[in-house]
Amino acid sequence: MTLNLDELRILGANCSEGIFRKGEEILSEGSLTSHIIYLQSGLVKEYMKGGNQQEYIIQIIKNHAYLGLPSLFGDRVNHYSYAALTDVAVCFIDVAIFKQFILDNGRFAFEILSTVSKDSLNNYHRFISQGQKKIYGKLADTLLYFSKAIFHSNRFRLPLNRNEISYLIGTSRESVSKQLNGFIRDGIISIRRREIIINEPEKLEQISRLG
């Protein structure tokens, strides 16, 4: 945390905590940008909807991150929606207070800028990669992402259903199910209810590379 003691006191006096259950919407696309939300615990999906109401998942966000940063300076309305993938705890921070921290505290401003830049680059490269890979490469990328970046384990409970996986990688639910079954048949992964076990991470890495 790069805020000083006075700023932390201001933050404490202007932070409203909230709990959201799995599946509940935290912030909706098109709403006014009145608060920045700090994710204290849990997993959240950042998404938007197209003209046909098709959902497009931009990224998965884990704890100790801010929600709503892309819309902080760009517009008065939020361009993305956020929904809880697990039970989550959040803190709502008034936008005016948050902007003042950025103006007054260079280290904090640098941290926020670094976060936005990193997320933008990661999302850009993922979208480019998706356009070049077949379904098996996209799905391998997704499983490795949850294994390495989110859970840091080859065994984890997948927070997305198959519809949501299709929204994340830009394909159909049927294609996701077919490829998951292919990975199971080849012994690369096992699935017990929603728990994924990556039995052969090296093979999954190879599939991801070759796409």
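Refer to the structure printed above.
Each value, and the rule that gives it
- Residues numbered from 1 in each chain as written.
- Predicted model: local features only at pLDDT ≥ 70, side-chain atom pairs only at ≥ 80, totals over all residues.
- Heavy atoms only, no water.
- Salt bridge = Lys/Arg side-chain N within 4 Å of Asp/Glu carboxyl O.
- Helix = DSSP H or I, 4+ residues; strand = E, 2+ residues; numbered from the N terminus.
- Buried < 20%, exposed > 50% of the residue type's maximum accessible area, 1.4 Å probe, protein only.
- Phe/Tyr/Trp six-rings, centres within 6.5 Å; stacked < 30°, edge-to-face > 60°.
- Lys NZ or Arg CZ within 6 Å of the ring centre and 35° of its normal.
- Pairing = 2+ DSSP bridges.
- Core = buried A, V, L, I, M, F, W, Y, C linked by side-chain atoms within 4.5 Å.
- Contact = heavy atoms within 4.5 Å.
- 1 Å grid on protein atoms, 1.4 Å probe; cavity = no way out; pocket = protein on both sides within 12 Å on 5 of 7 lines; lining within 4 Å.
- Points joined across faces, edges and corners; volume = space filled by probe spheres on them.
- Nonpolar A, V, L, I, M, F, W, Y, C, P; charged D, E, K, R; others polar.
- Polar contact = N/O pair within 3.5 Å; in protein donor to acceptor, adjacent residues only side chain to side chain.
- Disulfide = S-S within 2.5 Å.
- Axes fitted to C-alpha atoms, helices over the stretch in contact; angles between N-to-C directions.
- Parallel < 35°, antiparallel > 145°, perpendicular 65-115°, else oblique.
- Left-handed = near helix turned anticlockwise from the far one by under 90°.

A. Spotlight on the pattern of salt bridges. As enumerated under the stated definition, the model contains eight salt bridges in all. Of the charged contacts, one joins K45 and E55 as a salt bridge, the two residues approaching to 2.9 Å between their closest N and O atoms. With K45 in strand β4 (residues 44-49) and E55 in strand β5 (residues 55-61), this residue pair connects regions lying 10 residues apart in the sequence. According to the relative accessible area criterion, E55 is buried, its value standing at 11%. With a closest N to O distance of 3.5 Å, E200 and K203 form a salt bridge. A relative accessible area of 39% places K203 in the partly exposed class. What you see here is one network of salt bridges that share partners, running through K45, E55 and E164.

B. Spotlight on the packing of aromatic side chains. Under the counting rule described, the total for this entry stands at 10 aromatic pairs. Pairing F101 with F108 gives two aromatic rings, centres 6.1 Å apart and planes at 90°, and the pair type is edge-to-face. Neither residue differs from the other here; F101 and F108 are each classed as buried. The interplanar angle of 65° and the centroid separation of 5.6 Å between the aromatic rings of Y145 and F146 together place this pair among those described as edge-to-face. The exposure class of Y145 is partly exposed, given its relative accessible area of 32%. An aromatic cluster of at least three residues, connected via ring pairs, comprises Y38, Y66, F98, F101 and F108. Note that K45 overlies the ring of Y47, its terminal NZ or CZ placed 5.0 Å from the centroid.

C. The arrangement of the pairing of β5 in detail. Burial within β5 is extensive, with six of its seven residues counted as buried. With six bridges connecting them, β4 and β5 associate as antiparallel partners. Opposite M48, over in β5, you have Y56 as the bridge partner.

D. Layout of the nonpolar core. Judged by nonpolar contacts, the single largest core of 27 residues is most densely connected at I60, F146, L160, I165, F183, I189 and L204. Contributing elements (two or more residues each) for this core: β5, α4 (135-150), α5 (162-169), α6 (173-185), β11 (195-198) and α7 (201-210). It is α4 that contributes the most residues to this core, six residues altogether. Dropping the residues within four chain positions of it, I60 is found in contact with V44, K45, L85, Y145, F146, I150 and L160.

E. Structural context of the layout of surface pockets. Estimates place the volume of the largest pocket at around 1100 Å³. Lining the largest pocket are 37 residues, with Q59, I60, D119, N122 and Y145 positioned closest to its centre. The element best represented in the lining of the largest pocket is helix α3 (residues 106-132), accounting for 13 residues. Residues belonging to the lining of the largest pocket are distributed by class as follows: 18 nonpolar, 11 polar and eight charged.

F. Geometry of α5. Here α5 has its buried residues at E164, I165, S166, L168 and I169. The N-cap of α5, judged by a side-chain oxygen 3.1 Å from the amide nitrogen of N163 a few residues on, is N161. Of the residues flanking the end of α5, it is G170, one or two places downstream, whose phi is positive at about 75°.

G. Highlighting the state of the cysteines. This model, assessed by the stated rule, comprises one disulfide. In this model C15 forms its disulfide with C91; the gap between the sulfur atoms is 1.3 Å. Taken together, the residues span a long stretch of sequence, with C15 in strand β1 (residues 15-20) and C91 in strand β8 (residues 88-94) at a distance of 76 residues.

H. Representation of the packing of α4 against α7 within the structure. Relative orientation of the contacting elements α4 and α7 amounts to 130°, with a least axis distance of 8 Å. Between α4 and α7, the interaxial angle falls into the category oblique. The interaxial crossing formed by α4 with α7 has left-handed handedness. Only L204, E205, I207 and S208 of α7 make contact with α4, whose side of the interface consists of Y136, G137, A140, D141, L143, L144 and K148. Broken down by class, the residue content of the contact of α4 with α7 amounts to six nonpolar, two polar and three charged.

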